[in-house]
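Observations on chain architecture
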Amino acid sequence: MRVVFVAVLLAVLAGCTSQPGDEAPILAPKGPGEQAETVSPDEVGTDRWVAPSEADVTYVAKMILHHRQALDMAALAPQRAQHETVKGLASRIHDTQGPEIGAMEQWRRQYAENAPAHGHSGSLPEVDHASMPGMATDAQMAALEAATGAEFDRLFLQLMIAHHEGALRMAVDLLSNGSDVRVEEMANDVVASQSDEIARMRAITIP
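Residues numbered from 1 in each chain as written. Predicted model: local features only at pLDDT ≥ 70, side-chain atom pairs only at ≥ 80, totals over all residues. Heavy atoms only, no water.

Focus on the overall build of the protein
The condition is simple: The secondary structure listing takes helices from DSSP runs of H or I that are at least 4 residues long and strands from runs of E that are at least 2 residues long, numbered from the N terminus. Here the term buried applies to any residue with accessible area under 20% of the maximum for its type, exposed to any over 50%, and partly exposed to those in between, with areas from a 1.4 Å probe on protein chains only. Residue contacts follow a heavy-atom distance rule, with two residues in contact if any of their heavy atoms lie within 4.5 Å. Methods summary: accessible areas were calculated by the Shrake-Rupley approach with a probe of 1.4 Å, and residue burial reflects only the protein chains presented.
Along the backbone of the protein there are 6 helices and 2 strands. Starting at the N terminus and walking to the C terminus, you meet the elements of the protein as α-β-β-α-α-α-α-α. The buried share of the protein, taken over its 207 residues, is 39%. A fraction of 74% describes how many contacts in the protein between residues 6 or more apart in sequence connect residues 24 or more apart. For the protein, the accessible surface area stands at approximately 11,100 Å², while carbon and sulfur atoms represent 53% of it.

Details of the side chain of Asp 153
Let me state the cut-off plainly: Neither His nor the chain ends contribute to the count of charged residues, in which Lys and Arg are positive and Asp and Glu negative. Any Lys or Arg side-chain nitrogen located within 4 Å of an Asp or Glu carboxyl oxygen qualifies as a salt bridge. Here a polar contact is taken to be a pair of N or O atoms separated by no more than 3.5 Å, where protein atoms must pair a possible hydrogen donor with a possible acceptor and residues adjacent in sequence count only if both atoms sit in side chains.
Position of Asp 153 among the secondary structure elements: in helix α5 (residues 149-177). Buried and unpaired, Asp 153 has no salt bridge, with Arg 154 as the nearest side chain of opposite charge at 7.4 Å. Among the polar contacts listed, one links the side chain of Asp 153 to the backbone nitrogen of Gln 82, at a separation of 3.1 Å.

Examining the packing of α5 against helix α6 (residues 181-202)
Definition in use: Here the axes come from fitting lines to C-alpha atoms, over the contacting stretch only for helices, and the angles between their N-to-C directions go from 0 to 180 degrees. Under this scheme an angle from 65 to 115 degrees is roughly perpendicular, one under 35 degrees roughly parallel, and one over 145 degrees roughly antiparallel; angles in between are oblique. In this scheme the handedness of a crossing depends on how the near helix is turned from the far one: anticlockwise by less than a right angle means left-handed, clockwise means right-handed. Classification convention: Asp, Glu, Lys, Arg as charged; Ala, Val, Leu, Ile, Met, Phe, Trp, Tyr, Cys, Pro as nonpolar; all other residues, Gly among them, as polar.
Two elements in contact, α5 and α6, have axes separated by 9 Å at closest approach and are oriented at 150 degrees. Relative to α6, α5 is oriented roughly antiparallel. For α5 against α6, the interelement crossing comes out left-handed. Only Val 183, Glu 184, Ala 187, Asn 188, Val 190, Val 191, Gln 194, Ser 195, Glu 197, Ile 198, Met 201 and Arg 202 of α6 make contact with α5, whose side of the interface consists of Leu 157, Met 160, Ile 161, His 164, Glu 165, Ala 167, Leu 168, Ala 171, Leu 174 and Leu 175. Across the contact of α5 with α6, the residue classes break down as 14 nonpolar, 4 polar and 4 charged.

Some points on the nonpolar core
Definition in use: By nonpolar core we mean a set of buried residues, namely Ala, Val, Leu, Ile, Met, Phe, Trp, Tyr and Cys, connected to one another through side-chain atoms within 4.5 Å.
In this structure, Met 73, Val 86, Leu 144, Phe 152, Phe 156, Leu 157 and Met 160 are the most contacted members of the largest nonpolar core, which totals 25 residues. Looking at this core, the elements with two or more residues in it are α2 (54-80), α3 (84-114), α4 (138-146) and α5. Ranked by residues supplied to this core, first place goes to α5 with 8 residues. Filtering out sequence-adjacent residues up to four positions away, Met 73 remains in contact with Met 141, Leu 144, Phe 152, Phe 156, Leu 159, Met 160 and His 163. If you look at the next biggest cluster of nonpolar residues, it comprises 20 residues, including Trp 107, Ala 171, Val 183 and Ala 187.

Structural notes on the pattern of salt bridges
Inspection of the entire model under this criterion finds 7 salt bridges. One salt bridge connects Arg 68 with Glu 105, and the closest N-O pair in it is separated by 2.5 Å. Residue Arg 68 is found in helix α2, and its partner Glu 105 is found in helix α3; the two are separated by 37 residues along the sequence. When its relative accessible area of 37% is taken as the criterion, Arg 68 is described as partly exposed. Taking the shortest distance from any N to any O, the salt bridge between Asp 196 and Arg 200 comes out at 2.8 Å. In this pair, Asp 196 and Arg 200 both sit in helix α6, 4 residues apart, roughly one turn of the helix. The class of Asp 196 is partly exposed, set by a relative accessible area of 30%. Members of the salt-bridge network, linked through shared partners, are Arg 92, Asp 196, Glu 197 and Arg 200.

See below:
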């Protein structure tokens, strides 16, 4: 990340020139057009280092629900899928997105605890499923639950590719509008893992 690179570079340069006990200040880049903030080394990693924005909070709230639906879809594969690669992808989605949900929930708890001290309400936004791109409808989820064999494989791939593409749009939008480095890291993880999984799913041929 750009912020981390700048911090590390400045810290290394300071270590080459400062005397023991000196604390070199670190510049923390802000949003576009905003003046960089000077913080002490002790403040790196604290809430002063990166203040969460509304975009960060909304992204995390939405992506938790988005990931949960992906886990619901993946949980159907072991008993209903026929293609071994589909089963393997479902297992990978479970193993990847489960821990990502945990990381996002932890971030939300920390935000809610720390926001009042920084002038924010700390309230978490209500999320409408229809507002998230790629989400399967109730009818589509019911059809997936009823399908088995090759029919399940085809529908699973169709729905999961659309689901992943929606997650990518959400992540790219966050990377353009967010400000919290931890949320940006989570969004980058989504872009990397789900872009790879989309390519894998598109390569599967169901007879």
